[in-house]
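Structural overview for review
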Amino acid sequence: MSGGNLYGYEDFSILDVSFDLMFRGEVQDNPLVEQFIARKADILFCPAWKTATLQKEEHEEEEDAAEPCAIMPPVELFMEVSYDERRAMLYRDLERGDLVVGRINNIREYGFFLTLLCMAGGLKRDIEDLELSALCHIREIPSTGSHDDPLSYYQIGDFIRAGVKDIDRYQEKITVSLHQASLSSSLEHIKLGVITREELPIHYSRSVRAASDSSETYDYILMGCHGYHNPSVVDYLLEKVGVSDTHPPSMMRGPDKLFEEDDFASAIRKKQSASWALKCVRAGVDHFKHGRHVEAMNEYNKALEIDTNNVEALVARGALYANKGSIMKAITDFELALESCPDHRNAKKYLCQTLVERGRQLEEQEKLVTAEGLKWFEKVDR
């Protein structure tokens with residue numbers, strides 16, 4: 001995951017998704033993608049729009065070792081952020097229970113002092129250049145025996161992984177602990193105490209290299225990470241930051257909730273089709289009024305190609321069929337219209353009139369008393 005959280009958002013992981021996509025294939029060095037990320041930064045990094053449950057930060061060390069995604073130095077390493085601002089943000093964001101790594105610089109009878117190197121759990125930030133010290137009091141150091149001096153197991157230069165015990169933001173003082181209980185519940189599985197150089201967080205080691213070598217740019221480091229080449233990296237990161245691929249959030253400004261069903265493309269397309277079909281119906285009616293029946297029929301058929309069940313088009317075409325003597329086709333259209341809209345006044349009216357006309361035709365053919373004639377009579381009666 002990304003190494004830092006400079007501006008106080010919950011997670012910089014979304015930035016990893018953005019950069020991972022930006023540096024893949026043809027998108028690499030595309031200024032439009034960079035401009036999009038810059039314009040949408042406040043939305044991209046805001047936790048309020050997450051649409052899935054965040055993945056728990058369990059067994060983070062094992063996960064980092066497998067590197068399912070690119071583990072990067074904190075993004076502020078590649079930005080022009082002042083020393084004072086970074087220091088202020090660190091004191092603002094650091095919380096009790098966070099995990100830090102430091103190097104012992106002084107040992108006194110009441111405990112030892114650490115030069116803090118980085119944060120190692122939850123937030124991941126490299127802070128060695130901020131010259132921050134933290135005190136680990138002797139009572140915060142586990143003892144292996146009742147008569148042992150806990151400090152005798154430590155020496156200057158040791159790398160220490162510890163939990164944040166307390167922060168005095170006004171006096172800028174930090175105290176740490178080596179007791180497991182000092183960690184937040186999501187980090188309590190991580191062992192505290194002395195660690196080797198090889199056990200230093202991956203993001204910190206990469207930061208040290210990047211700080212000493214100007215050729216180690218963000219994209220150079222990113223594309224050199226094993227996790228970057230994981231074919232499932234995007235799916236992994238989406239799950240990690242709580243973004244559902246079935247209910248994606250909007251990048252538009254304004255909506256502060258998930259879209260309703262009527263706002264999706266299929267529903268909008270249906271509304272658009274109904275609107276376009278209605279325009280064709282109106283054009284057909286105008287042709288009909290001026291006696292241009294062929295043109296009117298073409299418009300009605302066009303409307304029904306756009307929107308198969310458009311009630312107005314069915315009624316209008318049925319009326320034209322009836323006017324031209326195609327009674328059976330007219331009846332079919334009116335009945336289809338009433339299936340979609342049972343209370344459509346004109347459809348009911350025209351169907352009734354057309355059925356009566358059909359009855360007259362059968363009467364003239366002396367078929368009214370037959371089974372066929374009774375069928376049409378019953379329809380009119382209904």
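So, here's what we can say about the structure.

**What about the pairing of strand E3 (residues 133–137)?**
Burial along E3 is one-sided: the residues Ala-134 and Cys-136 are buried and none of Ser-133, Leu-135 and His-137 is. With five bridges connecting them, strand E2 (residues 111–119) and E3 associate as antiparallel partners. When the sheet's bridge partners are listed, Gly-111 is paired in E3 with His-137. The pairing of E3 with strand E5 (residues 173–177) spans two bridges and is parallel.

**A few points about helix H10 (residues 293–306)**
In this model H10 runs 20 Å from its N-terminal to its C-terminal C-alpha over 14 residues, within 8% of the 20 Å that 1.5 Å per residue would give. Within the span of H10, buried status applies to Ala-296, Met-297, Glu-299, Tyr-300, Ala-303 and Leu-304. Viewed end-on, H10 has its buried residues packed into an arc of 160°, placing them on one side of the element. Exposed residues pointing more than 90 degrees away from the buried face of H10 are listed as Val-294 and Glu-305. Close packing links the buried residues of H10 with helix H9 (265–289) and helix H11 (311–323).

**Observations concerning the packing of H11 against helix H13 (residues 345–364)**
Their axes nearest at 10 Å, the elements H11 and H13 cross at an angle of 20°. With respect to H13, the element H11 is oriented roughly parallel. Between H11 and H13 the crossing geometry is left-handed. Facing H11, whose interface residues are Val-315, Ala-319 and Ala-322, H13 presents Asn-346, Ala-347, Tyr-350 and Thr-354. Looking at the contact of H11 with H13, its residues break down into five nonpolar, two polar and no charged.

**A closer look at the nonpolar core**
Counting residues in each nonpolar core, the largest one holds 25 residues, and the members touching the most others are Leu-94, Phe-112, Leu-116, Ile-160, Ile-174, Val-176 and Leu-178. Looking at this core, the elements with two or more residues in it are helix H5 (83–93), strand E1 (99–108), E2, E3, strand E4 (159–168) and E5. Aside from chain neighbours lying at most four places away, what touches Leu-116 is Val-100, Val-101, Gly-102, Ile-127, Glu-128, Leu-132, Ala-134 and Ile-174. In terms of nonpolar packing, the next biggest core, distinct from the first, is built from 24 residues, Val-281, Leu-304, Phe-334 and Ala-337 among them.

**Details of helix H12 (residues 327–340)**
Between its terminal C-alpha atoms H12 stretches 20 Å, which fits the 20 Å expected from 14 residues at 1.5 Å a residue. What H12 keeps buried is the set Ile-327, Ala-330, Ile-331, Asp-333, Phe-334, Ala-337 and Leu-338. Each buried residue of H12 sits inside an arc of 165° when the element is viewed along its axis, so together they form one side.

**Considering the pairing of E4**
Within E4, seven of the ten residues are buried, leaving the element largely enclosed by the surrounding structure. Relative to E4, E1 runs antiparallel, the two being bridged by five bridges. Paired with Leu-99 across the strands is Gly-163, a residue of E4. As paired strands, E4 and strand E6 (residues 193–195) are joined by three bridges and run antiparallel to one another. By the bridge assignment, Ile-160 is partnered in E6 with Val-194. Counting the residues between successive antiparallel strands, the hairpin from E4 to E5 contains four residues, one of them, Glu-172, with a positive phi of roughly 55°.

**Considerations on the pattern of salt bridges**
One pass over the structure, following the stated rule, counts 13 salt bridges. Notably, a salt bridge pairs Glu-67 with Arg-206, separated by 3.0 Å at the nearest N-O pair. In this pair, Glu-67 is assigned in the loop between helix H4 (60–66) and H5 and Arg-206 in helix H6 (residues 202–212), connecting sequence segments 139 residues apart. On the basis of relative accessibility, which here comes to 8%, the residue Glu-67 falls in the buried class. Linked by salt bridges that have partners in common, Glu-76, Arg-92, Asp-93 and Arg-125 make up one network.

About the thresholds
Residues numbered from 1 in each chain as written. Predicted model: local features only at pLDDT ≥ 70, side-chain atom pairs only at ≥ 80, totals over all residues. Heavy atoms only, no water. Buried < 20%, exposed > 50% of the residue type's maximum accessible area, 1.4 Å probe, protein only. Helix = DSSP H or I, 4+ residues; strand = E, 2+ residues; numbered from the N terminus. Pairing = 2+ DSSP bridges. Expected span 1.5 Å × (residues − 1). Arc of directions from axis to C-beta. Contact = heavy atoms within 4.5 Å. Axes fitted to C-alpha atoms, helices over the stretch in contact; angles between N-to-C directions. Parallel < 35°, antiparallel > 145°, perpendicular 65-115°, else oblique. Left-handed = near helix turned anticlockwise from the far one by under 90°. Nonpolar A, V, L, I, M, F, W, Y, C, P; charged D, E, K, R; others polar. Core = buried A, V, L, I, M, F, W, Y, C linked by side-chain atoms within 4.5 Å. Salt bridge = Lys/Arg side-chain N within 4 Å of Asp/Glu carboxyl O.

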